[in-house]
Amino acid sequence: MANNQAQPGSDARKGDHTKGDKTPLKLSARFQAMASVNQIIRHNQFINQEVNRVLTSEAVIETDRNLYTNLVYGSVQNYYTLDAFVRDFVAKPNKVKPWLWSLLVVSAYQMYYLDHIPNYAVVDEAVRIVRKRGNQTLAKFANGVLRNFTRRYETMADFIHTKTDPKERLTLQASLPPVWVDYFVDRFGLVEAEKLANSLNQTPFITVRANNRLNHLNTEKMAEYQKILEREGYIVSPSPISPFALRVLKGNPAHSSLFMNGEITIQDESALLDVEALNPQVGETVLDACAAPGGKTVQIAEAVGQTGHVIACDIAENKLPLIQENVDRMQVADQVEILHQDATKLQERFGANGSEPRSFDKILIDAPCSGVGLFRRKPDTKYHKTLQDLDALHDIQVTIMNQALPLLKKGGVITYSTCTITKEENEDVVKAILDQHPDLTLKSFKHWRDNLDQSIGKDGTIEILPHTYMSDGFFIASFEKN
């Protein structure tokens with residue numbers, strides 16, 4: 001019955017055992033997955049933080065770690081569909097305790113999306129959990145609901161195809177709340193929206209970027225890195241987006257010799273494009289205004305070299321050590337200055353009347369955004385983001401650009417990027433900036449790279465949709481100051 005890929009950091013075929021009474025219930029993958037899904041969906045916990053908390057606290061037995069991760073990511077990724085599915089079997093869903101509802105969702109995920117986990121094992125373990133967590137009456141209820149699943153629907157597709165409205169069916173196929181299906185259909189049309197929405201439910205690739213010190217990287221070096229990784233047991237392919245990135249299809253590249261030596265770093269292939277678009281040169285002074293966790297800071301520092309200088313700022317003080325860790329490992333710390341700074345108040349520090357007046361050859365604004373382009377990688381966000389967020393974020397993004405632009409030297413370039421695919425945060429921000437700053441020229445990326453032409457808008461900006469290359473969604477616009 002499985003019809004979905006395993007989720008990040010997991011293997012659907014490993015870590016599953018029929019536990020019996022010998023395994024402490026609270027240390028089992030299913031018990032902890034039930035609790036985590038409840039925290040993520042009902043209490044707005046970030047999925048990566050919740051999973052890391054459970055794994056680092058050793059709340060799951062060692063043999064169940066992969067299964068636990070898979071259950072959480074898979075259940076959250078498919079939650080909208082699973083929630084609707086379970087509702088088809090429960091007369092009064094609002095009367096069901098939240099933890100029990102989460103367990104029913106996690107159980108449905110196992111029965112319909114994973115291979116090699118027998119249904120009887122899923123049901124038996126769920127009933128055992130309910131009996132322990134609740135009582136015998138709830139256990140009988142859960143047992144009845146779970147056994148009815150496969151009696152009514154052999155596959156999840158059977159349930160989805162009971163819906164005749166195209167949009168409603170798409171919400172279930174892609175497990176995407178109606179607000180986002182409507183938004184994508186309105187913006188891109190139904191055909192494109194279907195491709196986009198369905199792509200958001202696929203397992204994201206891990207990509208690595210090669211260290212490009214002083215722009216000395218070439219295709220021969222990339223081929224060499226690929227061979228080294230393959231010799232170490234990784235399955236690798238070239239990125240369709242950037243010539244300086246590789247997709248790792250199997251294995252954790254953080255354990256590779258190239259990663260340990262600072263020759264590669266883990267960075268999304270769409271995200272690394274904005275520094276390539278900024279095109280920092282040797283000896284330049286560059287501001288990275290929203291820098292954490294530091295992947296782009298490192299990329300800029302590699303390009304400007306030891307005679308250049310990078311100021312990396314971020315509003316989140318607790319994330320500054322991540323920037324430091326990245327620049328240290330990639331051997332570019334000497335040219336990077338890390339500062340705790342709110343990007344909406346850059347003028348107070350670096351402006352003509354600020355405490356540390358400075359000017360920059362180039363500026364990168366990788367702006368805070370809704371993250372709609374990351375729904376595949378951060379599935380919890382699609383349930384918590386609203387259309388109302390977009391206007392508020394638009395205002396913040398325009399404010400940051402307006403704070404940064406006076407710091408840019410004449411003839412300098414400022415690159416604005418987001419990991420979202422909304423008009424409000426992309427096209428509308430570009431228009432607002434051009435309307436307010438007649439001294440700016442919007443640079444065109446048409447014919448910059450042939451492989452990207454399909455993602456270049458009429459105005460020359462780059463908008464990578466998640467289904468075009470099966471990557472994160474991303475937007476890039478570069479402006480030159482006249």
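If you look the protein chain up in an unreviewed UniProt entry, it shows as 16S rRNA (cytosine(967)-C(5))-methyltransferase from Aerococcus viridans. UniProt annotates the protein chain under Subcellular location (unreviewed entry) with the comment "Cytoplasm". Of the comments in the UniProt record for the protein chain, the one headed Catalytic activity (unreviewed entry) reads "cytidine(967) in 16S rRNA + S-adenosyl-L-methionine = 5-methylcytidine(967) in 16S rRNA + S-adenosyl-L-homocysteine + H(+)".

Draft legend 1. A look at the nonpolar core. Counting 58 residues, the largest nonpolar core has Y68, F85 and F149 as the members making the most contacts within it. Those elements that place two or more of their residues in this core are helix 1 (29-43), helix 2 (47-56), helix 3 (65-77), helix 4 (79-87), helix 5 (98-113), helix 6 (119-133), helix 7 (136-152) and helix 8 (156-160). With 12 residues, the top contributor of residues to this core is helix 5. For F85, the residues in contact, after removing those within four places along its chain, are A108, Y112, F149, Y153, M156 and F159. Of all hydrophobic cores here, the second largest spans 31 residues; its members include F360, I363, L407 and L442.

Draft legend 2. Structural detail: the pairing of strand 5 (residues 285-288). Strand direction decides the pairing type here: strand 5 and strand 6 (residues 309-314), joined by 4 bridges, are parallel. Opposite T285, over in strand 6, you have H309 as the bridge partner.

Draft legend 3. Broad picture of the pattern of salt bridges. All told, the structure shown has 22 salt bridges when counted by the stated rule. E463 is paired through a salt bridge with R187; the nearest N and O atoms lie 3.2 Å apart. Remark: R187 occurs in helix 10 (residues 178-188) and E463 occurs in strand 11 (residues 462-464); sequence separation between them is 276 residues. Assessed through its relative accessible area of 16%, E463 is described here as buried. A salt bridge links E269 to R247, with the nearest nitrogen and oxygen atoms 2.8 Å apart. One end of the pair, E269, is in the loop between strand 4 (264-266) and helix 14 (273-278); the other, R247, is in strand 3 (residues 245-250), and 22 residues separate them in sequence. With respect to burial, E269 and R247 carry one shared label: buried. Three or more residues joined by partner-sharing salt bridges are found here, namely E337, R349, E356 and R358.

About the thresholds
- Residues numbered from 1 in each chain as written.
- Predicted model: local features only at pLDDT ≥ 70, side-chain atom pairs only at ≥ 80, totals over all residues.
- Heavy atoms only, no water.
- UniProt positions renumbered as here; feature names shortened; annotations may be inferred.
- Core = buried A, V, L, I, M, F, W, Y, C linked by side-chain atoms within 4.5 Å.
- Buried < 20%, exposed > 50% of the residue type's maximum accessible area, 1.4 Å probe, protein only.
- Helix = DSSP H or I, 4+ residues; strand = E, 2+ residues; numbered from the N terminus.
- Contact = heavy atoms within 4.5 Å.
- Pairing = 2+ DSSP bridges.
- Salt bridge = Lys/Arg side-chain N within 4 Å of Asp/Glu carboxyl O.

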